[in-house]
Amino acid sequence: MSIEITFPDGNKKSFDAPPTGLEIAQGISPGLAKKAAVVRVNGELWDLSRPIDRDARFEIVTRDKPEALEVIRHDAAHVLAQAVQELYPGTQITFGPATDTGFYYDFARAEPFTEADLEKIEARMREIVKRDLPIRREVWPHDQAVAFFEKAGEKFKAEWIREGLKPGEELTIYKQGDHWLDMCLGPHLPSTGKLGTAFKLTKVGGAYWRGDANNAQLQRIYGIAFATEQELKDYLRMLEEAEKRDHRKLGPQLDLFHQQEEAVGSVFWHAKGYTLWRTVENYIRRRLDATGYVEVKTPQLIDRVLWEKTGHWENYRQNMFIAESEDRVLAVKPMNCPGHVLIYKQGIKSYRDLPLRIAEFGSCHRNEPSGALHGLMRVRAFTQDDAHIFCTPEQINSETVAFCDLLMSVYKDFGFEDVRVKFSDRPPQRAGSDEVWDKAEGALKSAIEAAGLPYTMNPGEGAFYGPKLEFVLRDAIGRDWQCGTLQVDFVLPERLEAEYVAEDNSRQRPVMLHRAVLGSLERFLGILIEQHAGAFPLWLSPLQAMVAPIVSDADGYAGEVAEALKAAGLRADTDLRNEKINYKIREHSVHKVPVIAVVGRKEAEEKTVTLRRLGSEQQQTLPLAEAVKVLAAEAAPPR
RNA sequence: GCCGAGAUAGCUCAGUCGGUAGAGCAACUGAUUCGUAAUCAGUAGGUCGCAGGUUCGAUUCCUGUUCUCGGCACCA
């Protein structure tokens, strides 16, 4: 039988017997064969050593390609598993995929792995790489695989095959050397030596079998892996950089906020941090004022009866804070929507009133699981830049487009240009009929298309009352943060019986769009701190200019300068301490003050100031009036 | 919530094989008036997370607990 191979450039070659990818590569050039990681056969990634038993489109995937990197990482997971089983006999293997930066593998073992174990395991991995064990693919029948893993004491693997695969189905086994194997879809590199050395084990953690908290707890070992040493180094440097920017460190260091045991999951905002907060809040308020929103404030405590109507009592009771008073059970509001519906329902609404955009800087409380709390990023008390747009079904499109415009422009003002959109559709547990969901998903889909933003699907991740768009922004060092959201809700207006009078005098249900740009103020400020590493742009900086005299003779003039800056709307202060100018410069630089205005005898005489910007050693001497004008213009918040 | 690790001065950390703790920085006081990233000297600061237990004696050993950190699960 003859096999015809078609190369990407259209050339064809015939073989008498099924050739392997490696043989074809060698036929082209030994150098190429060396660089090859896997091959693409009719669009599918195959092992280099797998005989190609059919006519096929064929392409060699070299080590430097993204698809190859995933194979490298997956190989690393298998080498990790082998190393662990060699070092710790009796440990059961489960699964270990590639991740965005490396790999992990989940193990079942009574003893916990320690940090010290990681070093040993990593050393053994390097040894296995050095052994350069051939990796071979085999196809096994279902029952043979079950029998094998059961005999080997691999209960998790056996269970997976028994319950996850059909009896007739063949499955693939990858052998690493003669003594170790794992069930795997592949593909893999031809031998462990091809993995290279650019990997590192990073942490141990818990994980649940099949990702379900009701199942056995496994131990997950994480690693990072790259195609080259340089990429590994770069990534480690990025991690270091991220650690330096950690808002949980910078927050207290820069005197922005702190957290403590007596108010777990809540934030004590200090004067500087709250200045940052107000700057952000006021900016958003101006943007909302300019785009047709009204701002309201709703009660913190609302009777459980309301939450029963909305469905929150049923769905989220265990995460709500409860208060009791005079035989009433009240819930601290976990969200603002019902309150906004109650405001909407005051008075009869006409179609002429729609769309009605009700906004609130809504303070909410949710009793998040203790293990979920994380600095400002996940708290129990937070404030959303929330709004609900009550509109007709026809208005969903235009409102979505307007919201996307607003959101993108706000993100840009904060220095985020790279924004991705995810579309989350119906979750397994939900309110409302399939018909309503069809309608809501359809409306949202056509709306986001009208907005012209590309999006990816996030199946089953919608809210219980409706599908949602999630807006994810990428920060300065490449991390992603979900912030904004837009959710279509046909359910809540129904449950709380909101209505409007249509043109034909009939009573209709409005659609409710839940939307937030920043998400939670707390979280967004945390992201801002990390984005800027605490060195905020001038308009956001809590303290914008520090006036530092060189000699005490200039103290009086320093006061004048600070007053002039404050009169122009800048946040300025003086540092009149009897310290050397070097000391003051250092201290205010460490505290990330964007502008230090130095005044000495010369400036006091000439009525000038010498400005020094954070991150630059350059000095600029300007007449006071001009300096004030320049700084005031620069410090103005975006409109 | 689950698995694992941790908690010593405001911060970063050292230390005590059981005999109530130490450094640097910060703070405070004094001297220094010095032109762009740390002036010098001195002082003060800790029921060693909290509660029990063992012990003549516990910051140290044991138990429980709270919180933090790393994962997982959760995230209206």
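What counts and what doesn't
Residues numbered from 1 in each chain as written. Chains lettered and ligands numbered in written order. Predicted model: local features only at pLDDT ≥ 70, side-chain atom pairs only at ≥ 80, totals over all residues. Heavy atoms only, no water. Near = heavy atom within 4 Å. Polar contact = N/O pair within 3.5 Å; in protein donor to acceptor, adjacent residues only side chain to side chain. Helix = DSSP H or I, 4+ residues; strand = E, 2+ residues; numbered from the N terminus. Nonpolar A, V, L, I, M, F, W, Y, C, P; charged D, E, K, R; others polar. Buried < 20%, exposed > 50% of the residue type's maximum accessible area, 1.4 Å probe, protein only. Contact = heavy atoms within 4.5 Å. Axes fitted to C-alpha atoms, helices over the stretch in contact; angles between N-to-C directions. Parallel < 35°, antiparallel > 145°, perpendicular 65-115°, else oblique. Left-handed = near helix turned anticlockwise from the far one by under 90°. Domains from an automatic or database assignment. Buried area = accessible area lost by both parts, 1.4 Å probe. Salt bridge = Lys/Arg side-chain N within 4 Å of Asp/Glu carboxyl O. Core = buried A, V, L, I, M, F, W, Y, C linked by side-chain atoms within 4.5 Å. Pairing = 2+ DSSP bridges. Phe/Tyr/Trp six-rings, centres within 6.5 Å; stacked < 30°, edge-to-face > 60°. Lys NZ or Arg CZ within 6 Å of the ring centre and 35° of its normal.

A.B. asks: Can you help me understand the protein's contact with RNA strand B in this one?
C.D. replies: Around RNA strand B, 51 residues are found, and the nearest of them are Y208, Q217, M335, N578 and R586. The sugar and phosphate moieties of RNA strand B supply 48% of its atoms located within 4 Å of the protein. A distance of 3.2 Å is found between a sugar or linking oxygen of RNA strand B and a side-chain nitrogen or oxygen belonging to Y465. Within the side chain of R612, an N or O atom sits 2.5 Å from a sugar or linking oxygen of RNA strand B. Counting residues per element, the surface near RNA strand B draws most heavily on helix α18 (residues 581-590), at 7 residues. Partitioned by chemical class, the residues of the surface near RNA strand B number 20 nonpolar, 17 polar and 14 charged.

A.B. asks: Explain the environment of E241 to me, please; I cannot follow it from the model alone.
C.D. replies: By the element assignment, E241 lies in helix α7 (residues 229-245). The partly exposed category is assigned to E241, whose relative accessible area is 25%. Once the C-alpha coordinates of E241 and A533 are considered, the two residues, 292 residues apart in sequence, prove to be 9.1 Å apart.

A.B. asks: Honestly, the side chain of S520 in this entry has me stumped. Any pointers?
C.D. replies: Structurally, S520 is set in strand β28 (residues 511-520). Owing to a relative accessible area of 12%, S520 belongs among the buried residues under this scheme. Beyond its immediate chain neighbours, meaning those up to four positions away, S520 contacts F382, T383 and Q384.

A.B. asks: When you look at the packing of helix α9 (residues 271-290) against helix α13 (residues 396-413) in this model, what are you seeing that I'm missing?
C.D. replies: Relative placement of two packed helices is described by the angle separating their axes and the distance separating the axes. As a packed pair, α9 and α13 sit with axes 12 Å apart at the nearest point and diverge in direction by 150 degrees. With respect to their mutual orientation, α9 and α13 come out roughly antiparallel. Two packed elements cross with a definite hand, and for α9 against α13 that hand is right-handed. Along its contact with α9, which presents Y283, I284, R287 and L288, the element α13 presents L406, S409, V410 and D413.

A.B. asks: Any chance you could explain the domain arrangement of chain A here in plain terms?
C.D. replies: Reports often express the size of an interface as the amount of accessible area lost when the parts come together. When its domains are assigned, chain A resolves into domain 1 (3-58), domain 2 (67-241), domain 3 (253-299 + 334-530) and domain 4 (545-635). The C-alpha-based centres of domain 3 and domain 4 are spaced at 41 Å. Across the contact, 4 residues belong to domain 3 and 4 residues belong to domain 4. Surface buried jointly by domain 3 and domain 4 totals about 270 Å² across both partners, of which 66% is contributed by carbon and sulfur atoms. Contact with domain 4 buries surface across domain 3, with L254, T275 and T279 losing the most and accounting together for 82% of the total. At the boundary of domain 3 with domain 4, the tally comes to 0 salt bridges. Looking at side-chain class alone, the side of domain 3 that touches domain 4 contains 1 nonpolar, 3 polar and no charged residues.

A.B. asks: Got a minute to help me understand the nonpolar core in this structure?
C.D. replies: The tendency in soluble globular proteins is for nonpolar side chains to be buried as a group. Counting residues in hydrophobic clusters, the biggest one holds 61 residues, and the most contacted among them are Y411, F414 and F471. Sorting elements by how many residues they give to this core places α13 first, with 7 residues. Sequence-distant contacts of F414, that is, excluding residues within four places in its chain, are made with V280, Y283, L518, F524, L528, H532, W539 and L540. I93, F107, V129 and L195 belong to the second-largest nonpolar core, a separate cluster that totals 34 residues.

A.B. asks: Just checking my understanding: could you explain the pattern of salt bridges for this structure?
C.D. replies: Any two side chains of opposite charge can pair if their charged atoms end up close together. Taken as a whole, this structure holds 47 salt bridges when the rule is applied. The shortest N-O distance in the salt bridge between K175 and E138 comes to 3.3 Å. Of the two residues, K175 is situated in strand β9 (residues 171-176) and E138 in strand β8 (residues 135-140); the sequence distance between them amounts to 37 residues. A relative accessible area of 24% places E138 in the partly exposed class. The salt bridge involving R479 is made with D475; its shortest N-O contact spans 2.9 Å. Of the residues examined, D475 reaches a relative accessible area of 6% and is grouped as buried. Overlapping salt bridges bring together R426, R430, D434, D438 and E441 as one network.

A.B. asks: Would you explain the pairing of strand β25 (residues 480-489) in this entry?
C.D. replies: Looking along a regular strand, one sees the side chains alternate between the two faces of the sheet. Of all 10 residues that make up β25, 8 are buried, and the element is covered over most of its length. In terms of strand pairing, strand β24 (residues 468-474) meets β25 through 7 bridges, oriented antiparallel. Bridge pairing in β25 places L469 opposite L486. Between β24 and the antiparallel strand that follows it, β25, lie 5 residues; G478 among them carries a positive phi value of about 85 degrees.

A.B. asks: I tried to follow the sheet that holds β28 on my own but got confused; where do I start?
C.D. replies: Working definition: the strands of a sheet are paired by backbone hydrogen bonds and lie parallel or antiparallel to each other. With mixed pairing, the 8 strands of this open sheet are ordered in space as β15-β20-β21-β28-β25-β24-β22-β23. Each end of this open sheet is capped by a strand with a single partner; those strands are β15 (294-295) and β23 (455-458). With 7 bridges connecting them, strand β21 (residues 381-391) and β28 associate as antiparallel partners. Within β28, the position partnered with D386 by the bridge is A516. Sitting on the sheet, helix α12 (residues 337-344) touches β20 (356-365), β21 and β28, and the angle it makes with β20 is about 140 degrees. This element, helix α14 (residues 434-451), spans β22 (419-424), β23, β24 and β25 of the sheet and lies at about 160 degrees to β22.

A.B. asks: Explanation requested: the packing of aromatic side chains in the structure shown.
C.D. replies: Aromatic ring pairs: the centre-centre distance and the angle between the two ring planes describe each pair. Applying the stated rule across the entire model yields 25 aromatic pairs. Pairing F7 with F58 gives two aromatic rings, centres 5.8 Å apart and planes at 90 degrees, and the pair type is edge-to-face. Remark: F58 occurs in strand β5 (residues 56-62) and F7 occurs in the loop between β1 (3-6) and β2 (12-15); sequence separation between them is 51 residues. Accessibility expressed as a relative area gives 3% for F58, which makes it buried. Taken together, the ring pairs connect Y283, F414, F416, F524 and W539 into an aromatic cluster. The ring centre of Y222 lies 5.9 Å from the NZ or CZ of K203, which sits over that ring. Positioned above the aromatic ring of F423 is the side chain of K445, whose terminal nitrogen or guanidinium carbon lies 5.2 Å from the ring centre.

A.B. asks: It is not clear to me how the packing of α13 against α14 should be interpreted in this structure. Could you clarify?
C.D. replies: Where α13 meets α14, the closest approach of the two axes is 8 Å, and the angle between their N-to-C directions is 50 degrees. Of the possible angle classes, the one that applies to α13 and α14 is oblique. Of the two possible hands of crossing, α13 and α14 adopt the one that is right-handed. Between α13, through I396, N397, T400, V401 and C404, and α14, the contact on the second element is made entirely by A443, S446, A447, I448, A450 and A451. Its residues assigned to classes, the contact of α13 with α14 comprises 8 nonpolar, 3 polar and no charged.

A.B. asks: How do you make sense of the sheet that holds strand β11 (residues 199-208) when you look at a structure like this?
C.D. replies: Ordered in space as β6-β7-β12-β11, the 4 strands form an open sheet in which the pairing is antiparallel. Only two strands of the sheet have a single partner each, and these edge strands are β6 (92-93) and β11. Here helix α3 (residues 66-87) sits on the sheet in contact with β6, β7 (102-108), β11 and β12 (217-225), set at roughly 30 degrees to β7.

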